[in-house]
Amino acid sequence: MKAVICAEYGPPEVLQIVEMDKPAPKGDEVLIRVHATTVHRGDSRMRGLDIPGAAWKKLLARLVLGFNKPKNDILGMELAGEIEAVGQGVTRFRPGDQIFASTMWSGFGAYAEYKCMPEDGVLALKPANMTFEEAAVLPSGGITTLGIIKMANIQPGQSMLIYGASGSVGTFAVQMAKALGAEVTGVCSTANLELVNSLGADRVIDYIAEDFAQHQGKYDVVFDAVHKMPGNYGRLLKEGGTYLNIDSSSDRIKKNDVPHLLQELQELAEAGKLEAVIDRRYPLEQIVEAHRYVDTGRKKGNVVITVAG
Ligand SMILES: NC(=O)c1ccc[n+]([C@@H]2O[C@H](COP(=O)([O-])OP(=O)(O)OC[C@H]3O[C@@H](n4cnc5c(N)ncnc54)[C@H](OP(=O)(O)O)[C@@H]3O)[C@@H](O)[C@H]2O)c1
């Protein structure tokens, strides 16, 4: 099969397309024919060992991920595809099932034509109303965003500010907050005002043109979805309000909750409450170009890699 390996940490050019043996599922595993995967911001960070903050964080990342190159050298955190074969002990899925999955807890590996995962991994039936490309963008950003948004226990009518509303996390956050009945204000640059508006935000602020720091005491919930919010976010909150941050709040999502969050994403999508925002699509052969684009930090929503037609 064709796969993309990350031969060392570095720029997008370290990614190489190679031929390798097709994996075979063990007793409790399913073999997935991958139709689509993505270039998530996390993939581009892992490839470049781009770990912001103190130097010890980079050292820790090397210990966890691999010292000079990723231990799991096929990157790719999410996928959608079809089950081709199952191990003897598998009861939850059968060949032909169309699924979507996060490979974060299964050694990554979505940048390949085939991937084996345990049947009790983070995988579920693909939303019936979505294509493989659309479903592939839901797991990583969607699970994290839903897990974080639940922490605020949003009630209908509450006001929520989402900073960085045009990224993967931001576009999911706007839709999820609206589904919970919040009054949503999205913040993004001029180029993305229309996109955020189209996702149902009640108000969209252009961070280039308007100083939203003046909105003191206005919001029940403030969510920094890109970890780049300038100034004192605390002043934007009403008394007793909740501040959420993609960086710090994501650590509080419990691993046991993750499969349920994926299932909820499937239900939200099938209920028409969650759409996949796809900025660009690339074939697997153009993985280097796709990583170059995501490295800019300017993608709108998500970037898809088409693996099989
Ligand atoms: N821990 C996790 O599980 C997890 C999961 C998902 C994401 N993340 C993290 O969440 C962050 C966001 O990821 P992402 O994939 O949603 O988006 P991203 O690709 O990192 O960012 C893209 C978006 O951010 C906006 N942006 C860039 N600079 C900005 C600024 N200074 N102020 C406001 N918006 C800005 C851009 O819009 P404009 O051009 O309009 O500014 C663009 O639409 C990343 O740091 C990622 O690593 C973590």
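Preceding this paragraph is the structure being described.
Residues numbered from 1 in each chain as written. Predicted model: local features only at pLDDT ≥ 70, side-chain atom pairs only at ≥ 80, totals over all residues. Heavy atoms only, no water.

Visitor: Tell me about the site of the ligand, and name the residues and values.
Guide: Taken together, 21 residues surround the ligand, and among them Y163, S189, Y207, R298 and K299 come closest. Take S189: an N or O atom from its side chain is 2.5 Å from an oxygen atom of the ligand. Summarising the interface, the protein chains cover 86% of the accessible area of the ligand, which totals 910 Å² for the free molecule. Where the shell around the ligand is concerned, the elements lending two or more residues are α1 (41-48) and α5 (168-179). A per-class count over the shell around the ligand returns 6 nonpolar, 10 polar and 5 charged. (Near = heavy atom within 4 Å. Polar contact = N/O pair within 3.5 Å; in protein donor to acceptor, adjacent residues only side chain to side chain. Areas by Shrake-Rupley, 256 points an atom, 1.4 Å probe, with all protein chains shown as cover. Helix = DSSP H or I, 4+ residues; strand = E, 2+ residues; numbered from the N terminus. Nonpolar A, V, L, I, M, F, W, Y, C, P; charged D, E, K, R; others polar.)

Visitor: How would you sum up α5? Please name residues and give values.
Guide: With 12 residues, α5 ought to run about 16 Å at 1.5 Å a step, and its terminal C-alpha atoms sit 17 Å apart, in line with that. Of all 12 residues that make up α5, 10 are buried, and the element is covered over most of its length. Every buried residue of α5 is accounted for by S168, V169, G170, T171, F172, A173, V174, Q175, M176 and A177. (Expected span 1.5 Å × (residues − 1). Buried < 20%, exposed > 50% of the residue type's maximum accessible area, 1.4 Å probe, protein only.)

Visitor: Describe α1, and please don't skip the residues or the numbers.
Guide: What α1 keeps buried is the set D43, S44, M46 and R47. Viewed end-on, α1 has its buried residues packed into an arc of 160°, placing them on one side of the element. Packed against the buried residues of α1 are β1 (2-6), β2 (15-19), β3 (29-38), α2 (55-65) and α9 (287-295). Immediately beyond the C-terminal end of α1, within one or two residues, lies L49, with a positive phi of roughly 45°. (Arc of directions from axis to C-beta. Contact = heavy atoms within 4.5 Å.)

Visitor: Before we move on, can you summarise the pattern of salt bridges with the specific residues and values?
Guide: All told, the structure shown has 12 salt bridges when counted by the stated rule. Note that K150 and E264 form a salt bridge whose closest N and O atoms lie 3.0 Å from each other. Within this pair, whereas K150 is found in helix α4 (residues 139-151), its partner E264 is found in helix α8 (residues 258-270), the two being separated by 114 residues in sequence. For E264, a relative accessible area of 28% puts it in the partly exposed group. Where D220 meets K238, a salt bridge forms, and the shortest distance between an N and an O atom there is 3.4 Å. Placement of D220 in strand β11 (residues 219-224) and of K238 in strand β12 (residues 237-245) is noted, with a sequence separation of 18 residues between them. Judged by relative accessible area, which is 17%, D220 ranks as buried. Here the salt bridges share partners, and the residues they tie into one network are R41, R45 and D50. (Salt bridge = Lys/Arg side-chain N within 4 Å of Asp/Glu carboxyl O.)

Visitor: Pulling in residues and values, what's your account of a nonpolar patch on the surface?
Guide: Where nonpolar side chains cluster on the molecular surface, the patch consists of W56, L59, L60, L63, V64 and F67 and spans about 650 Å² of accessible area. As for its position among the elements, L63 is in helix α2. (Patch = residues over 30% accessible without salt bridge, like charges linked within 9 Å, V, L, I, M, F, W, Y side chains within 5 Å.)

Visitor: Any chance you could break down the environment of Q158 for me, citing the residues and the numbers?
Guide: Here Q158 shows up in the loop between α4 and β8 (159-163). Taking the relative accessible area as the measure of exposure, Q158 reaches 24% and is therefore partly exposed. Separated by 22 residues in the primary sequence, Q158 and L180 place their C-alpha atoms 9.5 Å from one another. With residues up to four places along the chain from it excluded, the contact list for Q158 reads N153, G181, A182, E183 and D220.

Visitor: Outline the sheet that holds strand β10 (residues 203-206), listing residues and values.
Guide: Read across the open sheet, the 5 strands follow the order β10-β9-β8-β11-β12; overall the sheet is parallel. Because the sheet does not close on itself, it has two edges, and the strands there are β10 and β12. Strand after strand, the sheet turns through a mean of 20° between neighbouring axes, direction not considered. When β8 meets β11, the two strands line up parallel, connected through 4 bridges. Residue pairing in the sheet places M160 in a bridge with V221 of β11. Sheet strands touched by α4: β8, β11 and β12. Its angle to β12, the strand with the most contacts, is close to 160°. (Pairing = 2+ DSSP bridges. Axes fitted to C-alpha atoms, helices over the stretch in contact; angles between N-to-C directions.)

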